[in-house]
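Notes for the structure review
As a plain string of letters, each chain reads:
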Amino acid sequence: MRIAIASDHAAVALKSALAVWLRDQGHAVDDLGTHGTDRVDYPDFGVALGAAVADGRAERGIALCGSGIGIAIAANRNPGCRCAQVSEPLSAALARSHNDANAIALGARLIGEDMARACITAFLTTDFEGGRHSARVDKLGHVEGISA
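Every chain begins its residue count from 1, and numbering advances along the sequence as written. pLDDT decides what is reported in this predicted model: residues at 70 or higher carry local features, side-chain atom pairs at 80 or more are listed and counted, and totals for whole chains, interfaces and linings draw on all residues regardless. Values reported for side chains reflect all heavy atoms of the structure, with hydrogen atoms and water molecules removed beforehand.

**Some points on the pairing of strand β5 (residues 103-107)**
Quick note on the threshold: Only protein chains enter the calculation, and the probe is 1.4 Å; a residue is then buried if its accessible area is under 20% of its type maximum, exposed if over 50%, and partly exposed in between. In this description a helix means any DSSP run of H or I spanning at least four residues, a strand means any run of E spanning at least two, and both kinds are numbered starting from the N terminus. DSSP calls a pair of strands paired once it identifies at least 2 bridges connecting them. Throughout, right-handed denotes a crossover for which the path from the first strand over the helix to the second runs clockwise when the strands point away from the viewer.
Taken across its 5 residues, β5 has 5 buried, putting it largely inside the fold. Alternating positions in β5 separate into two faces, Ala103, Ala105 and Gly107 on one and Ile104 and Leu106 on the other, with burial throughout. Where strand β3 (residues 60-65) meets β5, 5 bridges bridge the pair, whose relative direction is parallel. Its bridge partner being in β5, Leu64 is matched across the sheet by Leu106. Summarising the sheet, strand β4 (residues 83-85) and β5 pair through 3 bridges and their orientation is parallel. Bridging across to β5, Cys83 finds its partner in Ala103. As for the winding sense of the linkage, the β-α-β connection from β4 through helix α4 (residues 89-97) to β5 is right-handed.

Encoded structure:
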């Protein structure tokens, strides 16, 4: 699978470890940065990840920052990206099966490498169920289709 991965400075160490692990699993990984611990702004990397997933350069995306929240918000600015912030495997699996998430966000200050791997495994191995979930997911990319 083609996977884009991106982080801010708070999650660069976890991102680097996960990129190696994903490559060892046979995935093609596009590391969108950051590549050092100098302070950077997570929106820049979240937007880049959202674009990579939305335009098809990557089949899935993994976004990381301190909490996973900010970078998820940034990735979701692109209507073609459905990024779910997750912290354990069940939420990662549900993000795929019910929401057809094409990206997940993880908080490096909240979970360790083993839990991150478990979340990613669930995310990459779970299929979208479709059915009753399809119409709802279709609305996510069309603001005018959502009733307030």
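Moving on, there is more to tell.
**Side note on the pairing of β3**
Among the 6 residues that make up β3, 6 are buried, leaving the element largely enclosed by the rest of the structure. Both faces of β3 are covered, namely the face carrying Arg60, Ile62 and Leu64 and the face carrying Gly61, Ala63 and Cys65. Where strand β1 (residues 2-7) lies against β3, 5 bridges are found, and the strand directions are parallel. For Ser7, the partnering residue across the bridge sits in β3 and is Leu64.

**Quick notes on the sheet that holds β1**
What holds strands together in a sheet is hydrogen bonding between their backbones, with the strands either parallel or antiparallel. What counts here: Only the stretch in contact is used when a helix axis is fitted, and all axes are lines through C-alpha atoms; the angle between N-to-C directions ranges over 0 to 180 degrees. Throughout, a residue-residue contact means that at least one pair of heavy atoms, one from each residue, lies within 4.5 Å.
Within the open sheet, the 5 strands sit side by side as β2-β1-β3-β5-β4. Their pairing is parallel. What marks the edges here is a single partner per strand, and that holds for β2 (28-31) and β4. Strand-to-strand twist of the sheet, defined as the mean angle between neighbouring strand axes without regard to direction, takes the value 20 degrees. Strands in contact with helix α5 (residues 113-125) are β1, β3 and β5; relative to β5, the strand with the most contacts, it is inclined by about 170 degrees.

None of this, on its own, says anything about what the molecule does.
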